[in-house]
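# Descriptive analysis of the structure
Next come the chains, spelled out residue by residue.
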Amino acid sequence: MRVKCVICDKIEGIEDESLEAKRLRNRPIHTYMCKDCSIRISEKTKARIGTGNFRFYRARSEKDDW
Ligand SMILES: [Zn+2]
């Protein structure tokens, strides 16, 4: 089965019996990503998650004049 990467338009051949091929056949709009792109994307996502986890804890203002 020949598939085209949605990101870089590279055409790759994948095994007809592979899980990926089955998944792509089941979906009319198949989005295939080549290994290079999926690695790149996952690294970007990881980086984004990494910065997203960087949280500032708001210092609670304790101005209780009791
Ligand atoms: Zn690609």
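Residues numbered from 1 in each chain as written. Predicted model: local features only at pLDDT ≥ 70, side-chain atom pairs only at ≥ 80, totals over all residues. Heavy atoms only, no water.

An unreviewed UniProt entry lists the chain under the name YlaI family protein, with Neobacillus pocheonensis given as the organism.

### Describing the coordination of the zinc ion
Note on the zinc ion: its protein donors are Cys5 (SG), Cys8 (SG), Cys34 (SG) and Cys37 (SG). The metal-donor distances range over 2.3 Å. One way to put it: the four donor atoms around the zinc ion meet at angles of 104 to 114°, and that makes the site tetrahedral. Coordination of the zinc ion draws on donor residues from a single chain, spaced C-x2-C-x25-C-x2-C in sequence. For the pair Cys34 and Cys37, one class covers both residues: buried. (Donors = N, O, S within 2.8 Å, 3.2 Å for Na, K, Ca; no water. Tetrahedral: all angles 85-135°; square planar, octahedral: opposite > 155°, others 65-115°. Buried < 20%, exposed > 50% of the residue type's maximum accessible area, 1.4 Å probe, protein only.)

### Overview of a nonpolar patch on the surface
There is a patch of nonpolar side chains on the surface, built from Val6, Ile7, Met33 and Ile41 and spanning about 310 Å² of accessible area. By the secondary structure assignment, Val6 is in the loop between β1 (2–4) and β2 (11–13). (Patch = residues over 30% accessible without salt bridge, like charges linked within 9 Å, V, L, I, M, F, W, Y side chains within 5 Å. Areas by Shrake-Rupley, 256 points an atom, 1.4 Å probe, with all protein chains shown as cover. Salt bridge = Lys/Arg side-chain N within 4 Å of Asp/Glu carboxyl O. Helix = DSSP H or I, 4+ residues; strand = E, 2+ residues; numbered from the N terminus.)

### So, the pattern of salt bridges
For the structure on display, the rule yields two salt bridges. Glu12 is the partner of Lys10 in a salt bridge, and the nearest nitrogen-oxygen pair spans 3.8 Å. Between Lys10 and Asp36 there is a salt bridge; the shortest N-O distance is 3.6 Å. In this pair, Lys10 is assigned in the loop between β1 and β2 and Asp36 in helix α2 (residues 35–52), connecting sequence segments 26 residues apart. What emerges from the salt-bridge pattern is a single network uniting Lys10, Glu12 and Asp36.

### Digging into the nonpolar core
Val3, Cys5, Ile14, Ala21, Leu24, Tyr32, Cys34 and Cys37 together form the largest nonpolar core, which totals eight residues. What Ile14 contacts, discounting residues up to four positions off in sequence, is Met1, Val3, Glu20, Ala21, Leu24 and Tyr32. (Core = buried A, V, L, I, M, F, W, Y, C linked by side-chain atoms within 4.5 Å. Contact = heavy atoms within 4.5 Å.)

### Notes on the confidence of the model for the chain
Per-residue pLDDT for the chain averages 81, and the proportion of residues at 70 or more is 74%. Of all secondary-structure elements in the chain, the lowest mean pLDDT belongs to α2, at 84, while β2 reaches the highest, 92. (pLDDT = per-residue confidence, 0-100.)

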